[in-house]
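In case you want the letters, here they are:
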Amino acid sequence: MKKYNKFTTLLFFLTILFGLDFVGNAQEGFRLPEGQSKDRINFELINNLVIVPVEVNGTPLSFLLDTGVNSTLLFSLSEADSVELNNVKPVKIKGLGDGGDIAALGSINNKVKIGDAVDNDHELYVIFDDRINFSPRMGVPVHGVIGYDFFRDFVVKTSYVSEVITIYDPKTFEQKKCTSCATLDLVFKGNKPYVELPIRVNDSIATVDLLVDSGASDALWLFDEDLGVSEAPKNYFNDFLGLGLSGGVYGKRSKLEMIKLGGYSLRNVNVAFPDSIALRNLRKDETRSGTLGSDILRRFTVVMNYSEGKLTLQKNRLFSEPFNYNMAGLIIEHDGMVPVKDVKRGGDVNRDLDASNTAGNISIELNTILTFFLAPKLVVAEVRKDSPAAISGILKNDEVLSINGRPAHAWELFELTRLFSSKSGKKITVEVNREGMVLKKRFYLKEVL
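The sections below set out a description of the structure shown in this document. Every chain's residues receive numbers from 1 upward, in the order its sequence appears when written. Only residues with pLDDT of at least 70 get local features here, since the model is predicted, and only at 80 or more are side-chain atom pairs given and counted; chain-wide, interface and lining totals rely on the full set of residues. By convention in this description, side-chain values take in all heavy atoms of the structure and omit both hydrogens and water.

1. Things to note about the sheet that holds strand E2 (residues 38–42)
Heads up, the condition is: Two strands qualify as a pair provided DSSP detects at least 2 bridges between them. Under the scheme used here, helices are H or I runs from DSSP no shorter than 4 residues and strands are E runs no shorter than 2 residues, and both carry numbers assigned from the N terminus. Geometry is summarised by axes, namely lines fitted to C-alpha atoms with helices restricted to the contacting stretch, and by angles between N-to-C directions that run from 0 to 180 degrees.
Strand order across the open sheet formed by six strands is E2-E13-E12-E23-E24-E14, with antiparallel pairing between neighbours. The open sheet terminates on both sides in strands that have one partner only, identified here as E2 and strand E14 (182–185). When strand polarity is set aside, the average angle formed by the axes of neighbouring strands in this sheet is 15°. Both strand E12 (residues 155–159) and strand E13 (residues 164–168) contribute to a ladder of five bridges, which runs antiparallel. Each bridged residue has a counterpart across the sheet, and for lysine 157 the counterpart in E13 is threonine 166.

2. Digging into the state of the cysteines
What makes a disulfide is a covalent bond joining the sulfur atoms belonging to two cysteines. Just so we agree on the cut-off: By disulfide we mean two sulfur atoms from cysteines, separated by a distance within 2.5 Å.
Taken as a whole and judged by the stated rule, the model has one disulfide. Sulfur-sulfur distance for the disulfide between cysteine 178 and cysteine 181 comes to 2.0 Å. Classification of the bridge connecting cysteine 178 and cysteine 181 rests on its S-S torsion, roughly 80°, and on that basis the disulfide is right-handed.

3. Examining the packing of aromatic side chains
Here is the rule we go by: Any pair of Phe, Tyr and Trp rings, taking the six-membered ring for Trp, is counted once the centres come within 6.5 Å. Such a pair is stacked with planes under 30 degrees apart, edge-to-face with planes over 60 apart, and tilted for the rest. Summary of the burial criterion: residues with accessible area below 20% of their type's maximum are buried, those above 50% are exposed, and those between are partly exposed, where the area comes from a 1.4 Å probe applied to protein chains only. Cation placement over rings: the criterion is NZ of Lys or CZ of Arg within 6 Å of the ring centroid and within 35° of the ring normal.
This model, assessed by the stated rule, comprises 13 aromatic pairs. Judged by centre distance (5.5 Å) and plane angle (55°), the ring pair of phenylalanine 150 and phenylalanine 154 falls under tilted. Residue classification places phenylalanine 154 among the buried residues on the basis of a relative accessible area of 4%. Put simply, the rings of Phe30, Tyr148, Phe150, Phe151, Phe154, Phe188 and Tyr306 pair up and form one aromatic cluster. The positively charged end of lysine 189 is found above the aromatic ring belonging to tyrosine 194, 4.6 Å away from the centroid. Across the ring face of tyrosine 236, the terminal group of lysine 234 is positioned such that the distance to the ring centre comes to 4.9 Å.

4. Focus: unusual backbone geometry
At the junction of alanine 232 and proline 233, the peptide bond is cis and its omega measures out at 0° in the coordinates. For proline 233, the location among the structural elements is in the loop between strand E18 (220–222) and strand E19 (237–244). For asparagine 47, which is not glycine, the phi dihedral falls at a positive 50°. Tracing the chain through its elements places asparagine 47 in the loop between strand E3 (44–46) and strand E4 (49–56). For asparagine 47, a relative accessible area of 10% puts it in the buried group. Located in the positive-phi region is glutamate 435, a residue other than glycine, with phi close to 55°. The residue glutamate 435 is located in the loop between strand E29 (427–434) and strand E30 (437–444) in this model.

5. Re the nonpolar core
As a rule of thumb, nonpolar side chains are buried together in soluble globular proteins. The test is simple: Here, nonpolar core refers to any group of buried Ala, Val, Leu, Ile, Met, Phe, Trp, Tyr and Cys residues whose side-chain atoms link them within 4.5 Å.
Ranked by size, the top nonpolar core spans 64 residues in total, and within it Phe150, Leu222, Ile259, Leu292 and Ile296 carry the most contacts. Here this core gets five residues from one element, more than from any other, and that element is strand E21 (residues 264–274). Within the second largest apolar cluster, 22 residues are counted, among which are Met327, Leu378, Ala408 and Phe420.

6. A few points about the pairing of strand E27 (residues 399–403)
Within E27, four of the five residues are buried, which leaves the element mostly enclosed by the surrounding structure. Relative to strand E28 (residues 406–407), E27 runs antiparallel, the two sharing two bridges. For isoleucine 403, the partnering residue across the bridge sits in E28 and is arginine 406. Hairpin geometry of E27 and E28 is characterised by an intervening segment of two residues between the two adjacent antiparallel strands and by a positive phi of about 50° at asparagine 404.

7. Brief notes about the environment of isoleucine 167
Cut-off, in case you're wondering: The contact criterion used is simple: two residues touch if any of their non-hydrogen atoms lie within 4.5 Å.
Mapped onto the secondary structure, isoleucine 167 falls in strand E13. Here isoleucine 167 falls in the buried class, since its relative accessible area comes to 0%. Residues in contact with isoleucine 167, not counting those within four places in the same chain, are Leu32, Ser37, Lys38, Asp39, Ile41, Ala117, Phe150, Phe154, Val155 and Val156.

8. Concerning the pattern of salt bridges
To keep things clear, this is the line we draw: We count a salt bridge whenever a side-chain nitrogen from Lys or Arg sits within 4 Å of a carboxyl oxygen from Asp or Glu.
Summed over all chains, the structure comprises 13 salt bridges. Close ionic contact of arginine 152 with aspartate 153 constitutes a salt bridge, the shortest N to O distance being 3.5 Å. For aspartate 153, a relative accessible area of 15% puts it in the buried group. Between glutamate 225 and lysine 252 there is a salt bridge, and its shortest N-O distance comes to 3.1 Å. Of this pair, glutamate 225 sits in the loop between E18 and E19 while lysine 252 sits in strand E20 (residues 247–261); the two residues are 27 residues apart in sequence, bridging distant segments of the chain.

9. Quick notes on the pairing of strand E10 (residues 117–127)
Of all the 11 residues making up E10, nine are buried; the element is thus mostly covered by neighbouring parts of the structure. Examined bridge by bridge, strand E6 (residues 72–74) and E10 share three bridges and lie parallel to one another. Looking at the pairing, leucine 73 lines up with tyrosine 125 of E10. As consecutive antiparallel partners, strand E9 (residues 102–114) and E10 are separated by two residues, and within that stretch glycine 115 has a phi angle of approximately 60°, a positive value.

10. Describing the side chain of aspartate 149
Short version of the rule: A positive count includes Lys and Arg, and a negative count includes Asp and Glu. His and the chain ends are not counted in either. Think of a polar contact as two N or O atoms within 3.5 Å of one another; within protein, one of them needs to be a possible hydrogen donor and the other a possible acceptor, and neighboring residues in sequence only count if both atoms come from side chains.
Along the chain, aspartate 149 turns up in helix H2 (residues 148–151). Of the buried charged residues, aspartate 149 lacks a salt bridge, with arginine 152 as the closest side chain of opposite charge at 4.3 Å. Side chain to side chain, aspartate 149 and threonine 72 meet in a polar contact 2.9 Å long.

11. Section: the environment of glycine 393
Its location among the elements puts glycine 393 in the loop between helix H5 (388–392) and E27. Look past the residues within four positions of glycine 393 in its chain and what remains in contact with it is Asp398, Arg434 and Lys441.

12. Let's talk about the environment of glutamate 163
Inspection of the secondary structure assignment puts glutamate 163 in the loop between E12 and E13. Judged by its relative accessible area of 31%, glutamate 163 is partly exposed. Residues glutamate 163 and valine 52 lie 111 residues apart in sequence; the distance between their C-alpha atoms is 10.0 Å. The contact partners of glutamate 163, leaving out residues within four places of it in the chain, are Ile41, Asn42, Phe43, Glu44 and Leu45.

In structure tokens form, the structure reads like this:
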């Protein structure tokens, strides 16, 4: 048994999309205790992504539950704590991004536990590349991702509103009758689920083959710019799209007229078109049109039934929410820790109890108490060209001190995601530290499309 350090650093919004070319060896698989047919597991929803508690060989970790990966990955390892891994071997992984292949270690015979479900012979891959660190932009620790290895063994219902997944033994599961639900057929390629859906582009209907990827924070990615990009009139802007296993992903953002999911129609849907550099490792699958991501999935209660090849959707209260972009053009992430000073005023009250003191004098002794604590340091990770943030003078690598008068450390990163995509015309004031100079920058959120 070999020991590896576990990543624990806290770190905005990202899109995660993995293009892994290997398929794991046969495993025992996840099982519920004998006599138990289902289990409910609470999760944390961060920027549309499902983060679940996972134990790896007894060590508690947090994993992204991602239908877009066909193998379990452990990454972002540091000097904090440790996790035991068994029987390792070197491997190479291809991933979405501009960094090419990355080195990893394969490990077998591991015990992995999610809720009451246990796999005693689990295969996973350990990534040591320092660039593969998604936690800084999530705002919470994310130690890995798990997908096919979990979904293949259960029927998995994800309630994005209540933030609970319910897993069912496929042998005893019965889908309840639901006249308002949409049930779509899944086709598996490389152990990943795909659906064919109609979209409307320029008043015509096209059918697209999409990877169902709960680990992609965006609504929709398409690989063919003819499916929505126009120069006259221009209907897109260039942007940073997110992080993949091989680095940053860039491309165009636009709006899609409509996408249909069974009887449901979503309109004015956000769509991204990643550039050719990011897609070079995905060209082996020439039939794939793009990705159906979690900004669409979160608008439903989702039942993934791999054993029967079915995806069932029932709209929830998030269904009618508009699809909004980051109008600030600003991405902020955690970058280590900084000491923060907290000033508190306290005092003791002394009352003179002498009977001759008719004035009832009171003396108050005030004390100033200084306390220091470590808090996440926020820095500017990306600034979109010609965006409101860029025009105001904010630069990449600026340290963020406060936003709208609130100290940086008091913001959760998902709150900033909502703030920057909230309402056109909203005033944003950002105080930054740039090489020892404190600068105050102001801008207004502005619709791009």
